[in-house]
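Observations on the three-dimensional arrangement
Take a look at the letters that make up each chain.
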Amino acid sequence: MDIAQLGDKILTGDRRALARAITLVESGRADHRAQATALLEQLSSARRQAMRIGLSGTPGVGKSTFIEAFGMHLVGQGLRVAVLAVDPSSSRSGGSILGDKTRMERLSRERNAFIRPSPSQTHLGGVARRTREAVALCEAAGFDVVLIETVGVGQSETVVAEMSDLFLLLLAPAGGDELQGVKRGIMEMADLILINKADGDLKPAATRTCADYAGALRLLRKRPQDPKEFPKAMMVSALQEDGLVTAWDEMQALINWRKENGFWEATRANQARYWFDQEVRQALLARLDTPDARAMMDRLSSNVADGTMSPSAAADQMLRGHLKV
């Protein structure tokens, strides 16, 4: 694969080249990782930036429906939109359905939209391990907005906040009371809480839920990166495309305030430090995934199981043998 040529095609907005590049960065092969690193270094010189919007919510809350309606609204304003959807992988077979694209039939036909589903594999936190690099590729390809849809597993799904400028949390009507809203974890990370399906018979329940969460947000500790009225709760209906314009206006207002007050660049710098730390940790773990290391691990594991060594002593010996601690 000619990495320089692939990079040039991505910079011109070639969608096929972008898809190939994302496949490359998601590969675990050592030679592919070296090529992916070289490609990302080449593209970083372009210094293109998009608005990165992370989106989470429990399964069935309507994330894909919201993304399609919201994406169509953005495309209608002349923006180029990329959607990175993370699909849960089976803990038994390791496979993923990768069916998010079929739910976004209208958006997938738009020339200014790009949809890429990826398997979560064994990575925790609601995103795939290389989603951050896929975001960088989409930025280099000239997309204005990158939407990152997480698996949707629950309150510990916060890794997406480490790769996005804005974090949206979608909730269903009657999805909890005020106490639920003040729970730590994903609630603390949200910039906007959107109560979806606020239409038809569910409209009264959505109104109550929105009021509950609006009250709960006032009880959370104030974050320095937020203006006075944020974070906030709002009602939307992806099905009827109601409330999307207001939600987009609020997102732009928040992003503009953060840029004017220096939080945009500071947040991205902190995110870069976070991912550097994660890369180092993953590289160290990879050094334990060799035939010699696995053989030593099995031997020490047997010693721990029969009581001849303590877990702490065995772990210390393992690390000293393979990580030169």
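Preceding this section is the structure that the text describes.
What this report covers is the structure whose coordinates are included nearby.

The rules we used
- Residues numbered from 1 in each chain as written.
- Predicted model: local features only at pLDDT ≥ 70, side-chain atom pairs only at ≥ 80, totals over all residues.
- Heavy atoms only, no water.
- Core = buried A, V, L, I, M, F, W, Y, C linked by side-chain atoms within 4.5 Å.
- Buried < 20%, exposed > 50% of the residue type's maximum accessible area, 1.4 Å probe, protein only.
- Contact = heavy atoms within 4.5 Å.
- Pairing = 2+ DSSP bridges.
- Helix = DSSP H or I, 4+ residues; strand = E, 2+ residues; numbered from the N terminus.
- Axes fitted to C-alpha atoms, helices over the stretch in contact; angles between N-to-C directions.
- Salt bridge = Lys/Arg side-chain N within 4 Å of Asp/Glu carboxyl O.
- Parallel < 35°, antiparallel > 145°, perpendicular 65-115°, else oblique.
- Left-handed = near helix turned anticlockwise from the far one by under 90°.
- Nonpolar A, V, L, I, M, F, W, Y, C, P; charged D, E, K, R; others polar.

In this section: the nonpolar core. Ranked by internal contacts, the top residues of the largest apolar core, which has 46 residues, are Ile10, Leu18, Leu39, Leu137, Val146 and Ile193. Non-local contacts of isoleucine 193, meaning those with residues more than four positions away in its chain, are made with Leu169, Leu171, Met187, Tyr213, Leu217, Lys232, Ala233 and Met234. In terms of nonpolar packing, the next biggest core, distinct from the first, is built from 34 residues, Ile53, Phe230, Met251 and Leu254 among them.

Attention now goes to the sheet that holds strand E4 (residues 145–149). Read from one edge to the other, the open sheet built from seven strands follows the order E3-E2-E4-E1-E5-E6-E7, with strand pairing classed as parallel. Sheet topology places strand E3 (113–119) and strand E7 (232–235) at the edges, where each strand pairs with a single neighbour. Direction aside, the axes of adjacent strands within the sheet are offset by 20° on average. Pairing analysis gives four bridges linking strand E5 (residues 166–171) to strand E6 (residues 192–195), with the strands arranged parallel. Each bridged residue has a counterpart across the sheet, and for leucine 171 the counterpart in E6 is isoleucine 195. On the sheet, helix H10 (residues 203–217) packs against E5, E6 and E7 and is oriented at approximately 175° with respect to E7.

Looking now at the environment of valine 135. Along the chain, valine 135 turns up in helix H7 (residues 131–140). By relative accessible area, valine 135 is classed as buried at 1%. Placed 29 residues apart in sequence, valine 135 and serine 164 show a C-alpha to C-alpha distance of 9.2 Å.

Here we come to the pattern of salt bridges. With the rule as written, the count across this model stands at 20 salt bridges. Across the pair arginine 258 and aspartate 226 runs a salt bridge, and its minimum N-O distance is 2.8 Å. In this pair, arginine 258 is assigned in helix H11 (residues 244–260) and aspartate 226 in the loop between H10 and E7, connecting sequence segments 32 residues apart. Take aspartate 226: its relative accessible area is 5%, and that puts it in the buried class. Measuring nitrogen to oxygen at the nearest pair gives 2.6 Å for the salt bridge that ties arginine 281 to aspartate 277.

Two numbers describe how helix H1 (residues 3–11) lies on helix H2 (residues 15–26): the axes approach to 8 Å, and their chain directions differ by 125°. Accordingly, the angle class assigned to the pair H1 and H2 is oblique. When you trace H1 past H2, the crossing you get is left-handed. Judged by residue contacts, Ile3, Leu6, Lys9 and Ile10 of H1 engage Ala17, Leu18, Arg20, Ala21 and Leu24 from H2. Along the lines of polarity and charge, the residues of the contact of H1 with H2 split into seven nonpolar, no polar and two charged.

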